[in-house]
Structures are given as C-alpha cells and as structure tokens.
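Geometric and topological summary
For reference, the chains in residue letters:
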Amino acid sequence: MIESLDLLFSASLWAAVLRIATPLIFGVLGVLLCERAGVLNLGIEGIMTMGAMIGWLTVFLGADLWTGILVAAVAGALIGLLHALLTVPLGLSQHVSGLGITLFASALAYYLYRLIVTVGESPPTIDPFRPLDFPILSEVAFLGPVFFSQTAPTYLALALVAVMAYVLTRTPLGLAIRMTGENPHTVESQGLDPTLIRIGCVMAGSALMALGGAFLTTAAFNSFFPGMVQGRGWICIALVVFASWRPGKALLGALLFAFFDAYQLRLQAVVEGVPYQLFLMAPYLLSIVALILVARRAQVPAALMIPYRRGER
Amino acid sequence: MSTVLHLDRITKRFGGLTANDDVTLELKNGEILALLGENGAGKTTLMNILFGHYAADEGTVNVFGQTLPPGRPRSAIQAGVGMVHQHFTLAGNLSVLDNVMLGSEPLIRVRSRRDEGRIRLLALSEKFGLKTDPDARVSGLSVGERQRVEILKALYRGARILILDEPTAVLTRTEAERLFDILRSMTRQGLSIIFISHKLSEVMAASDRIAILRGGRKVAERANSDTSPEELAELMVGSRVTRPKREAHSIGAPLLAAEEVTVHLDGKPALNNVSFTAHAGEILGIVGVSGNGQVALGALLSGVAAPATGRLTLEGREIGGLGPRAFIAAGVGRIPEDRHAEGVVGELPVWENVVLEQLATPEFSTRGFVRRSAARSHAADLIKLFDVRGATPEMRISLLSGGNMQKLILGRALAAAPKVIIANQPTRGLDEGAIAAVHAKLLAAREAGAATILITEDLEEAVDLSDRLQAIVGGRLSRPVAVEESDSRRLGLMMAGVWEN
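Residues numbered from 1 in each chain as written. Chains lettered and ligands numbered in written order. Predicted model: local features only at pLDDT ≥ 70, side-chain atom pairs only at ≥ 80, totals over all residues. Heavy atoms only, no water.

Before going further, it helps to spend a moment on the overall build of chain B. When helices and strands are counted, chain B shows 17 helices and 23 strands. The C-alpha radius of gyration of chain B comes to 25 Å, within 12% of the 23 Å expected for a compact globule of 501 residues. With 501 residues in all, chain B has 53% of them scored as buried. Pairs at least 24 residues apart make up 66% of the contacts formed inside chain B by residues separated by at least 6 positions. Accessible surface computed for chain B: about 22000 Å², of which carbon and sulfur atoms make up 50%. Charge centroids of chain B, computed over 59 positive and 59 negative side chains, lie 4 Å from each other. (Helix = DSSP H or I, 4+ residues; strand = E, 2+ residues; numbered from the N terminus. Rg over C-alpha atoms; globule rule 2.2 N^0.38 Å. Buried < 20%, exposed > 50% of the residue type's maximum accessible area, 1.4 Å probe, protein only. Contact = heavy atoms within 4.5 Å. Areas by Shrake-Rupley, 256 points an atom, 1.4 Å probe, with all protein chains shown as cover. Lys, Arg positive; Asp, Glu negative; His and termini not counted. Charge placed at Lys NZ, Arg CZ, Asp CG, Glu CD.)

Okay, structure coming up:
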C-alpha cells in the first residue's frame, strides 16, 4: 500500500504521464477541430495507424525525423479529405463513413507495411527522437526529468493546445469554425462557405491525428507493428466529450487518462495477486466514470453530425 | 425619390414548379414596401433570389445601380442588402457579439477586433433603439430579442436595404407594433425596407407601398393610401374570400366538463383550478395570449396529462388522464397545437398519417394487419372531402403546405364524427383561404351537434366562431361569457386577467 503511494512521487511516473499523453493530445485536438466544425471523425483510429506507419516508413527510407512527421501529417490530411468529401458535400452518414475510413486506413497501412517487411521478420527500427537536454533546467530535481527531458514532439503538442485555443476563441477564422459547427446556415447567409470550412477543418484535424500516430513510431517506440495504436483514437473521441469541446480541458483529459495508464503499469509491478487484466482495464473504466461525471454538462456543437445542404432547413 | 433596388423580370423554377414568374419590383429610397401574398405565392423565393441564396433562372437583380452576380450572398451583403430570415439564422450556443461579428472581418487575421466590434454594435443598438447585451448567449434570449439581434447583424454589415421575411409571425401584437415603429425610424435615417407578410392589417398599418404576389406572379401594386384591406384580400386570394358566419341555434346537453381541475407540467402547476362545460352543438372559445396555460389545457384535453385535483368528465363519466387512446375511443377528436410535432409524422405517407389514430379499429385492421387498401381509399376520400390540394394518399405528408396539412388533420379528426372536438390554435400560420375552410368545417361540426373547445390566440377568430368565451390567463380560466354579451373592451380586460368571479 505504502509502496503504491510512493509511486506517486516518482519523477519517472510523471515523465511517463506526459509521454503517454502526447499522442492523445494530438488526437484529441484533431477530433476537437473536426467536431467544432460539425463533423464527427471516427476515422481517427485508422488515421493514427496510417500516421504511425507513414512516419516510420519515411524515416526508415532515409528521411529525417521531422520530414517523417510532416509526411505523416500530409497522409492524414489526404485521408481526412476522403472523409470530408463523403460527409460534407455528399452528406453521407458521418458514423458509417468514419468507421469505413478506420477500416480502410488501417488495412492500407498494414498492407503497405507488409510490402516492405515480411511476416516473421522482426520489425525494422529507426533512430527515434531523443529526449531534449536543456542546460541547467533538465538537472533540476523532479521538475527536470518531468518537464525538461521530453522529446520535441511533446512540446509541439503542448504548444498546439495553446494555438488551437487561441485560434478558436480569438480569431475571425475560429469564430467561423465554431459557427459552422453551431449553425452552418448562418455562415452561409453571412457570405462564407460552410462546406469549405468543414472540409478544411476535417483535413487539418486528420493531419493532427496522424501526428499522434507518428509520435508512436518516431518517439515513443522506434518501429511500427500492427495493432500499436491500441484504441487510442477511440479514447480521443471520448476525451473530447469529457473536455466539453474545449482545448484546455482536452489537455487535462489527456493527462488524466495518461496518468491512469502510467500508474496502472507501475502498480502491476508492485501489487501482487491481482490479475493484470484488471489493471489494464482501469484507465478505461475510470475514463467512463469521469465521462459520466462531466459529460452531462457538456456543450455539444449544435450542428454536429448534421449534414449541411444549401437552401435546406 | 431615387430607386435603390430593381428586380427585373425574375423567373425561378424548381423542377416543374414556377415559383417566380416574370416578377419586376422596385424599391425607392426611404420607403417601406410590403410584399403581400398567401403561403406559397413566391414571396420568400423572390427575396432569397435578391439576397443570393438562390440564382434566378431569368432576370437580374440591381442594387444601387449595380447588377449583382446571381447566387452569392456575399455580393448582396457587400452591395448593402441585409436579410432577416423567418427562421432565424443564429447560433444559440454563442454570444450576441459572436453572432453579429461573424463574416464581418477577413478570416485570416491574427486577432479578432472584438473591442471595436462591441463599440460599433452598442452604437448601432443605441442609434436604432434596438436594445441588446453583446455578451448574452443567444439561447437565453426571447424570440423578440433574437429578432433584434438579426436586424443588428444586418445593420452591422452596413445594410442600407433591409429585407424582413414574415417578421411578425413570431411576435406578440405589442412587439410587432414596436418593431414597425423601429422600422419607421430606420427609414427616416435613410434605410429602405421590404417586409413580407400575409397579414392585411399590418400591411395596411406599416407600409408605404404594397406589391401583391399570387401564384408566383406580381398581380398588382398599390400605394397604401389608394387601397383597402378588402381590395388587398381580393387581390391576394384572386377571388373574394369571406369567412363563414356562425348561425344562432339552440344548444344541447353538457358533454365535456371540467370541475376545478389543476394540472401540473414539469412539477409546476400549469392549470389552476379551472372549470368549464362544453355543450353539444356549442363552440366554447378559450382565448388568451400564448404561454398562459394553453399547453397544459391541450395536454389535459387530449388525455396526455392527468388532473392533479378536480374532475374531467365526458357525459358524466370521469375520463381525466385515461390516455389519448381512451380519449379517441370515447369520441374526442383532436387538432393539436403544433401540427408538425404532434399532428403528423412528416416522414410517413398521407394514408398512414390519416389512419394513425384508428389503427386499432376493425375498419382499418384485421388480426393485427393494417388493411392498406381500406386505409388508402379512406385517405383519398378525405383528400377530396376536405379539399386538400396537391395531395395523394402515397405522398409524404411533410410535402404538404401548412394549410393543406391542417385540412387533412381536421379531416382525420372530423371523419369519425366525434362528440367532442379539441381545436388547439387551428388556424395559426394559415392563409385566408385555408382559414375560411377550417372555420367552415368547425361550424359544420357544430351544426351536427359536436361540442368544440377552441383554444386560440386570435380574438377575431374566437368571436367569429364561439358561442361562449372564457379567457385563459396565468393558468386560470375566467367565467364564461356569451359572445353576444361581450364587447372588445370587456374581452380585452378579460385577456389581461381582469374579471369578476
């Protein structure tokens, strides 16, 4: 018991929280952007898988790490474009299209992977992002290892939270995006094009999701293997509801889930006589509880999942 | 006076339907032009073409001497046209300032100039007497306040020509009068205004000039001073429409009676200790401004809500709260207040809607199967009998216009020859022709001996149809007065809650 509490004060736990949260932060920002514009993007799981695979592949083929990240984002945006075309101008069911995208993108990612790596071969590795080393700061006890020894993409994710919050609430573009998710007819009657805004948001959001996937192969691990996204995309969908569609709260939600996850990993080692599956389950269970507590007050974008057709009310 | 707007020979077709047929319209600087016509006459289509929501098939739109490219709201806004839609285009979750500022700045800008926006909004609000709170969330505003935000939005974008689509449809009479005062003061400040309406009285009261549309064509144009409500009604409908008159006749035995009934909605008392009796062959009018307990009364009389205290009896038998099915079986025909939400299932065809309430009867079902052919022919009969225009039994009911849908609901309720009819706002939003038809059918049912409870906001309708009247105010009902013994002063006082017990 004492041991499990002691864990809470270890720097390695909190460093792990930030590391585990990073792909979730990218993903949750992506979902948030799509949904603020009124489009549900259940393609996230597949887009993250594709991002992970493309990010790794680009580096494996000789490009540098940042190029890998960039190419992954472009791939994500292109898959997002497919989802956007199906759901925005064509107005198809966003659920069905999103699930289809997930199946398609994951399968395509595995297929491309298998073209390069045959079954049974051990996954080829790349040289991933290293933790940054800040002079002095990284040496500070506790705070150093937690905050100043992360990899570069983690800082990028944190910065993007602030950028997203600023753009959405402080700029004319952000207002147009939020309005598109609330009432696209208003946007149209003010001379803007809600269709273009939605397509743009889905593409940008999907690029963010792909970044989350690419983080897994270029920073958290050093190779790609099937099944590595492990439902992180679905967690992001839930986290956005938990966050009431606000970037700051989304960061909080991602950190909370990451904390559960990091803590249960360490508890497994300390507590004996409990099946490890129960520990694996814990973060999801606690997320559901948190969702129930918070989501009832959540402010859903009014036009979320409602296709917009011009001249129809 | 100079011409600020010129619609030249506009034609617009939707498939086989010609919504606008060669319409030419001019607006002069500083005038209020009323666009008058029945539902479906093409008024809204014409204004949507002007604003760029639709592109015209033929004809041009000319604003301040400059031809607008078709189908581009942005160009219309830039040319100084502002439109206040009938169904407001506001986002409820966002603030008034957000709603007003949308689209007023270039999208790519590092920071939205909200402080300047707030100052400009408040200045406009001051200048035109349109009070608003920039930081209030729109979902918390009343309908009248939302309309002010819509108008401010147009003014904020620099509108010099303002189009209002049925602006008074959602307003109370006082709010409507106040709106027209504001519009009048706007024209003095150099704005020109077009408003769409099908209400003769407000067109006469508020406009300088009136253009009348019928069946997509402009049939006439009159200066306000050269015309009369009678002439306008005739031009609008195409032939003389007179509402049917109630003939005096003797009244039968009491059928439906409430004794000191209280009804709770959402845990709060919504009807307080009300009593009334409707007799055979009588129309009992319940008149009052909406929001005074009509919803609870409608729920009570259709069997949805049970009395918390008191008794509701039909022919002496207690029926309060037995549920809609028991009410229908007991011979209560209902015309619900909101025809789209409660009256019909929009996605279903006409014939299914028509037999919905009678699915359990042997006429329309055997051994749990719907007798489709019987139902279809019943629907066809009703369509003919109640003059439902443009309907077939197979058609999705939501495709019908409001008036025709209401005629069908009326037919469904009256076909079973009910003992009691609950008519809740039966003519709300209908045009003159449809109102006359609905009135005629209700009066015919009265002749046939039905007891009708007519819940309405329209005092004129209440006086025309009812034998006796009760006012509904704050969930309470006044004592009944015979229509012959009432005058407008007394009824006005009653509707304000002043009556002797």
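We are not done yet, so read on.
This paragraph deals with the overall build of chain A. Counting secondary structure elements, chain A contains 13 helices and zero strands. For chain A, the succession of helices and strands along the chain, N to C, is α-α-α-α-α-α-α-α-α-α-α-α-α. For chain A, whose C-alpha radius of gyration is 20 Å, the value lies close to the compact-globule estimate of 20 Å for 313 residues. Judged by the C-alpha coordinates and their principal axes, chain A covers about 65 × 45 × 45 Å. Within chain A, buried positions represent 54% of all 313 residues. Pairs at least 24 apart in sequence give 77% of the contacts found in chain A among residues at least 6 apart. For chain A, the exposed area adds up to about 13500 Å²; of that, 71% sits on carbon and sulfur atoms. Averaged over its 16 positive side-chain charges, chain A has a centre that lies 13 Å from the centre of its 15 negative ones.

So, about the domain arrangement of chain B. Residue and element names in this part refer to chain B. What the domain assignment reports for chain B is domain 1 (3-237), domain 2 (244-331 + 417-501) and domain 3 (346-415). The C-alpha-based centres of domain 2 and domain 3 are spaced at 26 Å. Taken residue by residue, the interface counts 15 residues in domain 2 and twelve residues in domain 3. The junction of domain 2 with domain 3 conceals about 920 Å² of combined surface from both sides, 73% of it contributed by carbon and sulfur atoms. Applying the counting rule to domain 2 against domain 3 returns four residue pairs in polar contact (both at pLDDT 80 or more). (Domains from an automatic or database assignment. Buried area = accessible area lost by both parts, 1.4 Å probe. Polar contact = N/O pair within 3.5 Å; in protein donor to acceptor, adjacent residues only side chain to side chain.)

Residues and elements named next belong to chain B. In this structure, strand S11 (residues 254-265) lies alongside strand S12 (residues 268-279), joined through eight bridges in antiparallel fashion. Its bridge partner lying in S12, Ala 257 is registered against Thr 277. Between S11 and S12, which pair antiparallel one after the other, the connecting turn spans two residues, and Asp 266 there sits at a positive phi close to 50 degrees. (Pairing = 2+ DSSP bridges.)

Let us look at helix H1 (residues 43-51) of chain B. Residue and element names in this part refer to chain B. Across the nine residues that make up H1, a large majority, eight, are buried. Among the residues making up H1, those that are buried are Lys 43, Thr 45, Leu 46, Met 47, Asn 48, Ile 49, Leu 50 and Phe 51. Phi for Gly 52, located one or two positions after H1, is positive at around 95 degrees.

Residues and elements named next belong to chain A. Interhelical geometry of helix H3 (residues 44-60) versus helix H11 (residues 232-242) gives an angle of 130 degrees and a closest axis separation of 7 Å. Comparing their axes, H11 and H3 come out oblique. In the crossing of H3 with H11, the sense of the turn from one axis to the other is right-handed. Contacts from Ile 44, Glu 45 and Met 48 in H3 reach Arg 232, Gly 233, Trp 234, Cys 236 and Ile 237 in H11. Its residues assigned to classes, the contact of H3 with H11 shows five nonpolar, one polar and two charged. (Axes fitted to C-alpha atoms, helices over the stretch in contact; angles between N-to-C directions. Parallel < 35°, antiparallel > 145°, perpendicular 65-115°, else oblique. Left-handed = near helix turned anticlockwise from the far one by under 90°. Nonpolar A, V, L, I, M, F, W, Y, C, P; charged D, E, K, R; others polar.)

A few words now on the interface of chain A and chain B. Each side of the interface is counted separately: chain A has 25 residues, and chain B has 32 residues. Across the chain A-chain B interface, the total number found is one salt bridge. Its salt-bridge partner being Asp 98 of chain B, residue Arg 178 of chain A comes within 3.7 Å of it at the nearest N-O pair. Linking chain A with chain B are eleven residue pairs in polar contact (both at pLDDT 80 or more), by the criterion used here. Sorting elements by how many residues they give to the side of chain A that touches chain B places helix H8 (residues 172-182) of chain A first, with seven residues. Classifying every residue of the side of chain A that touches chain B gives ten nonpolar, nine polar and six charged. (Salt bridge = Lys/Arg side-chain N within 4 Å of Asp/Glu carboxyl O.)

Quick look at the sheet that holds strand S5 (residues 66-67) of chain B now. Residue and element names in this part refer to chain B. Read from one edge of the open sheet, four strands run S2-S1-S4-S5, paired in antiparallel fashion. At either margin of the open sheet sits one strand with a lone partner, and together these are strand S2 (17-28) and S5. Strand direction decides the pairing type here: strand S1 (residues 3-14) and strand S4 (residues 58-63), joined by five bridges, are antiparallel. When the bridges of S4 are listed, Asp 8 appears paired with Thr 60. Set on the sheet, H1 makes contact with S1, S2 and S4; between it and S1 the angle comes to about 115 degrees.

Moving on, we come to helix H7 (residues 152-170) of chain A. At 3.6 residues per turn, the α-helix brings residues three or four places apart onto the same side. All names here are of chain A. Compared with an ideal rise of 1.5 Å per residue, which puts 19 residues at 27 Å, H7 spans 27 Å between its outermost C-alpha atoms and is within 8% of the ideal. For H7, every residue scored as buried is listed here: Ala 152, Pro 153, Thr 154, Ala 157, Val 161, Met 164 and Leu 168. Buried residues belonging to H7 abut helix H2 (11-36), helix H4 (65-87), H8, helix H10 (194-220) and helix H12 (247-270). (Expected span 1.5 Å × (residues − 1).)

A separate point is the packing of aromatic side chains. Within this structure, the stated rule accounts for 14 aromatic pairs over all chains. Each ring, one from Trp 66 of chain A and one from Phe 129 of chain A, has its centre 5.0 Å from the other, and the planes form 70 degrees; the classification is edge-to-face. Within this pair, whereas Trp 66 of chain A is found in helix H4, its partner Phe 129 of chain A is found in the loop between helix H5 (94-116) and helix H6 (143-147), the two being separated by 63 residues in sequence. Within the aromatic cluster, the residues linked to one another by ring pairs are Trp 56, Phe 60, Tyr 110, Tyr 113 and Phe 224 of chain A. Over the aromatic face of Tyr 156 of chain B sits the side chain of Arg 120 of chain B, whose NZ or CZ is 4.0 Å from the ring centroid. The ring of Phe 386 of chain B carries Lys 441 of chain B above its face, with NZ or CZ at 4.6 Å from the centroid. (Phe/Tyr/Trp six-rings, centres within 6.5 Å; stacked < 30°, edge-to-face > 60°. Lys NZ or Arg CZ within 6 Å of the ring centre and 35° of its normal.)

Another aspect to go through is the environment of Val 39 of chain A. All names here are of chain A. With respect to the element layout, Val 39 can be found in the loop between H2 and H3. On the accessibility criterion, Val 39 (1% relative accessible area) is buried. Those residues in contact with Val 39 that lie beyond four places of it in its chain are Cys 34, His 83, Thr 87, Val 88, Gln 94, Arg 198, Val 202 and Leu 304.

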